[in-house]
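Residue-level listing of the chains:
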Amino acid sequence: MKDYGEYIDIIQKRLSPRRFQHCLQAAQVAAEMAGIFGADPDKAYLTGLLHDYAKGISGGELLRLADEHSLIQDEVDRWVPDLLHAPVGAYLLRHELGITDAEILKAVTCHTMGALDMNALDKIIFLADMVEPGRDYPGQERLKCLAFRDLDKAMLFGLESTIRYCLDQGRILHPQTIAVRNHFLKRVSD
Ligand SMILES: [Fe+2]
Ligand SMILES: [Fe+2]
């Protein structure tokens, strides 16, 4: 595997300065969270750095790549192709950068909608993406507090914020976001 420096260069070249900063900060937050929750901070940093590898790709191209490589899970994916930057990103990390670490690839794959079988790294990346200091939305401070205290409660809060935002903005709500929110609601209340 390359050292961080090479990956930082690769991400910087692929993304806008704003998105590059987002990746650096998500990586930093992910490494801090990993230290708290017993995950590998180096792996968390690298995954945070790489999680938006496909973010600069247009919706049409994401859809084409997803179709070509059988990455469409639900027909709703076609209505909101931007969400495909997660699975397409994991695919490209595997095939363009030669990253084979299954944990990294899975965490990248589920960083937009979550999944029903998320491990600590998956949750850390999902949450670091939402709480890194460059983001600004109502509830972010609360989410940040939770993210450093209880991963499952933070996931529930983060997913509910996303759902609320989609409703307020009249955006499509992906059924997986709802399924994953219900899953964490049950986990938190059990
Ligand atoms: Fe993303
Ligand atoms: Fe991101």
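See the structure above.
Residues numbered from 1 in each chain as written. Chains lettered and ligands numbered in written order. Predicted model: local features only at pLDDT ≥ 70, side-chain atom pairs only at ≥ 80, totals over all residues. Heavy atoms only, no water.

The next point concerns the coordination of the iron ion (ligand 2). At 2.2 Å from the iron ion (ligand 2) lie its protein donor atoms, namely His22 (NE2), His51 (NE2), Asp52 (OD) and Asp129 (OD). What the four donor atoms of the iron ion (ligand 2) show is an angle range of 79 to 173 degrees at the metal, which sorts the shape as irregular. Mapping the donors of the iron ion (ligand 2) onto the primary sequence yields the spacing H-x28-H-D-x76-D. A separation of 3.4 Å is found between the iron ion (ligand 2) and the iron ion (ligand 1), which share Asp52 as a coordinating residue. Of this pair, His22 sits in helix H2 (residues 17-37) while Asp129 is found in helix H7 (residues 120-131), placing the two residues 107 residues apart along the sequence. (Donors = N, O, S within 2.8 Å, 3.2 Å for Na, K, Ca; no water. Tetrahedral: all angles 85-135°; square planar, octahedral: opposite > 155°, others 65-115°. Helix = DSSP H or I, 4+ residues; strand = E, 2+ residues; numbered from the N terminus.)

Coordination of the iron ion (ligand 1) by the protein is provided by Asp52 (OD), His85 (NE2) and His111 (NE2), with metal-donor distances spanning 2.0 to 2.1 Å. All donor residues of the iron ion (ligand 1) come from one chain, and their arrangement in sequence is D-x32-H-x25-H. Since its relative accessible area comes to 5%, Asp52 is described here as buried. On the accessibility criterion, His111 (2% relative accessible area) is buried. (Buried < 20%, exposed > 50% of the residue type's maximum accessible area, 1.4 Å probe, protein only.)

The next point concerns the pattern of salt bridges. Under the definition given, this model contains 15 salt bridges. Across the salt bridge formed by Lys43 and Glu103, the nearest N and O atoms sit 2.8 Å from each other. Taken together, the residues span a long stretch of sequence, with Lys43 in helix H3 (residues 41-50) and Glu103 in helix H6 (residues 102-109) at a distance of 60 residues. The shortest N-O distance in the salt bridge between Asp82 and Lys55 comes to 3.1 Å. (Salt bridge = Lys/Arg side-chain N within 4 Å of Asp/Glu carboxyl O.)

With that settled, the discussion passes to the side chain of Asp52. Among the secondary structure elements, Asp52 is positioned in the loop between H3 and helix H4 (59-68). Despite its burial, Asp52 pairs with no opposite charge; the closest candidate is Lys55, at 5.5 Å N-O. Side chain to side chain, Asp52 and His22 meet in a polar contact 3.2 Å long. Within the local environment of Asp52, its side chain forms a polar contact with the side chain of His51, the two groups lying 3.0 Å apart. Those residues in contact with Asp52 that lie beyond four places of it in its chain are Leu15, His22, Cys23, His85, His111 and Asp129. (Lys, Arg positive; Asp, Glu negative; His and termini not counted. Polar contact = N/O pair within 3.5 Å; in protein donor to acceptor, adjacent residues only side chain to side chain. Contact = heavy atoms within 4.5 Å.)

What follows is about the nonpolar core. Membership of the largest hydrophobic core comes to 29 residues, with the highest contact counts inside it found for Tyr7, Ile11, Leu50, Val88, Leu93, Leu97 and Ile99. Elements represented by at least two residues in this core include exactly helix H1 (4-14), H2, H3, H4, helix H5 (85-96) and H6. (Core = buried A, V, L, I, M, F, W, Y, C linked by side-chain atoms within 4.5 Å.)

The terminal C-alpha atoms of helix H10 (residues 175-189) lie 21 Å apart, and with 15 residues this matches the ideal 21 Å at 1.5 Å per residue to within 8%. What H10 keeps buried is the set Thr177, Val180 and Phe184. The buried residues of H10 occupy one face: seen down the axis, they fall within an arc of 70 degrees. What points out from H10, more than 90 degrees from its buried face, is the exposed set Lys186 and Ser189. Next to the buried residues of H10 lie H7 and helix H9 (151-168). (Expected span 1.5 Å × (residues − 1). Arc of directions from axis to C-beta.)

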